[in-house]
Amino acid sequence: MPETPVAEVRSLCKEYRITGENALFSRTFSAVRDVSFQIFPGETFGIVGESGCGKSTVARLLMCLEKPTKGEVYFRGERVDDLPEGRRRFLRPRFQMVFQDSGSSLNPRKRVLDILGEPMAYHGIAKGRQAEKRAEELLSMVGLNPEMKNRYPHEFSGGQRQRVCIAKALSLNPDLIVLDEPVSALDVSVQAQILNLLRALQEQMNLTYLFIGHGLGAVHYVSHRIAVMYMGQVVEAGPSDALFDHPAHPYTRALLDAAPSADIAQRGRSRISLRGEMDDHPPRDACPLYHRCPYAQEKCLSYRAETKPLPGQSAHITCCDRAWEG
Amino acid sequence: MRKKDLSGKYGPLLRRFVRHKAAVVCLFVLTALILMALLAPWITPYEPTKPTGAFSQPPTAEHILGTDKIGRDMFSRILYGMRVSLLVGLLATLISTLIGVALGLVSGYFGGAIDKAIMGFTDMVMSFPYILLVLVAAAIFQPGMWSIVLILGFVDWPGVARLVRGNVLSLRETNFVKNDLASGMPGRYILFSEILPNTIAPVLVYATSVFALSILDEAALSFLGMGVQKPTPSLGNILQGAESLSVLTDKPWLWVPAGTVIVLLVVCINFVGDALRDALDPRNAEG
């Protein structure tokens, strides 16, 4: 591919030590296993998966808020995960993050003007009057009244606060914005507004997003490409529409089938559903979905955990043997 | 009533404070006492350290609270003693709060070995029998007002340090601090502009109780002769007169007023602190 990706992760792994009552019982928990993907300029890359599948950990690793156990993080072709923080600091304004909980994303004791202005001043983007003007611009860009710059965070509604968070992320002219479940905590009607705002901003400014969510509809709506994660692994990834129309992995199918549909034509369709809960301990070497998959076979017990393209579709990859066989 | 006047930035805060009736009364009492102490030279015609009447004289028109064993006016001694006690309390609180905030911030923010070391030291200081530590320190150093200030200041900080550390630990997990880290904001900005302003309120509330406690400790030390030295009056060393049984039973004017003032100060400060805690917590919905 000729274009350099804005961000890339290669074979990212993250393990956490779980310490029990005594040291003998401590074990490691793999939150992220061998995750690789690239994000290209101007696109939205979506990551979807149920709670605890490691999607937020991937975001934190990409943002270099945590150190990966294994693997590499690249930003515009430059490796950043092993840089000392002192040098990485100058790259940081170029990748920004928006969190799920907008309530704790803004310092309750500061006015919006200061929340937006202080980072701009520190990074030398705008100071004083100029920063104030820029803050007003940013507020109107995200659909808020510029007069609101003197308000405190608790004087906003949840949706408005999320808009302020987006304005804050935009303020440093980032190359990439990581959106960690930005709409999950909002009302459905507000969710749609925020998603539309994100899309409009992307069109206007050619922004690049990493969009993380557990609501399939939202992720599908904004993303160009999607990766589905399950238990720390990417089980399937591909162009958004291909993945939705022809899910290859049983987990993706189950996720799609679990979403209620208003489309009458879809009613009669056969659905698959998973058994049980996400299990921490599938048998060693087995497919992580082994316990829950309706198609589980003996060969799934010895599983190679590599993602390969589907026959004839180089962009659509999955790790399920069954899919390759068709 | 005058609810309309309580608007503006501090309106809700004031409204929540006013809901504590006892605290409002206490605030008035406290203000009156502090004003009396500050304006002592204009209120009383007598020097607190010079004999101006008969020995151990019961209250009269000239000496409204009587005179002490060597003929000094009790009223002016109490006023001037209040000055000393308040000053000791204030300075000791200031010192201990500064130490506590500094150690708590460092401990909570940097964590790891630094945190362990500081918290270990804090636990050590906390586990010493408090009054004994103060007594030993007072015995080693020259007793006097300034050494009391320093001793109390250097002994009272562990509570503040723990409080601040706990706050920093929880604030570090908030998204706005994570966002600062992700934006490459420097540590000093995160520490002093984001975390510190959010810990001021609880520290302020805690400081009021340290203030009350310091006044009590000063009184206890001075009563034991390890604190403020005569002839300088303090509320504690005025009470020293009550060491003898005859004074205790027959000459109540030598100890009842000073004791009452201490009780009033401590009770009022605590009540105001309580109301302040509720007022500063915005989660207390407006009634």
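Reading the values: rules and limits
- Residues numbered from 1 in each chain as written.
- Chains lettered and ligands numbered in written order.
- Predicted model: local features only at pLDDT ≥ 70, side-chain atom pairs only at ≥ 80, totals over all residues.
- Core = buried A, V, L, I, M, F, W, Y, C linked by C-beta atoms within 7 Å.
- Buried ≥ 20, exposed ≤ 12 C-beta atoms within 10 Å, placed from the backbone.
- Helix = DSSP H or I, 4+ residues; strand = E, 2+ residues; numbered from the N terminus.
- Domains from an automatic or database assignment.
- Contact = placed C-beta atoms within 7 Å.
- Nonpolar A, V, L, I, M, F, W, Y, C, P; charged D, E, K, R; others polar.
- Pairing = 2+ DSSP bridges.
- Right-handed = clockwise from strand over helix to strand, strands pointing away.

Quick notes on the nonpolar core
- Residues Leu62(A), Val178(A), Leu210(A), Val228(A) and Ile78(B) are the most contacted members of the largest nonpolar core, which totals 146 residues.
- Residue contributions to this core peak at 15 residues, all from helix α4 (residues 74–110) of chain B.
- If you count residues domain by domain, this core takes at least three from each of domain 1 (7–245) and domain 2 (250–260 + 268–326) of chain A.

Description of the domain arrangement of chain A
All names here are of chain A.
- Split into domains, chain A comes out as domain 1 (7–245) and domain 2 (250–260 + 268–326).
- Summarising the inter-unit geometry, the C-alpha centres of domain 1 and domain 2 are found 28 Å apart.
- Taken together, the 17 residues of domain 1 in the interface contact 16 residues of domain 2.
- When residues of the side of domain 1 that touches domain 2 are traced back to their parent elements, those giving at least two are α7 (216–222), β9 (225–230), β10 (233–239) and α8 (240–245).
- Sorting elements by how many residues they give to the side of domain 1 that touches domain 2 places β10 first, with 7 residues.
- A breakdown of the residues in the side of domain 1 that touches domain 2 according to their chemical character gives 11 nonpolar, 4 polar and 2 charged.

Topic: the pairing of strand β7 (residues 176–180) of chain A
All names here are of chain A.
- Extensive coverage of β7 is indicated by the burial of 5 of its 5 residues.
- By the alternation rule, side chains of β7 split into Leu 176, Val 178 and Asp 180 and Ile 177 and Leu 179, which are all buried.
- Note: strand β6 (residues 95–98) against β7, 4 bridges, orientation parallel. When the bridges of β7 are listed, Met 97 appears paired with Val 178.
- Where β7 and strand β8 (residues 208–213) come together, 5 bridges link them in parallel fashion. Among the inter-strand pairings, Leu 176 is bridged to a residue of β8, identified as Thr 208.
- The parallel pair β7 and β8 is bridged by helix α6 (residues 188–205), and the resulting crossover is right-handed.

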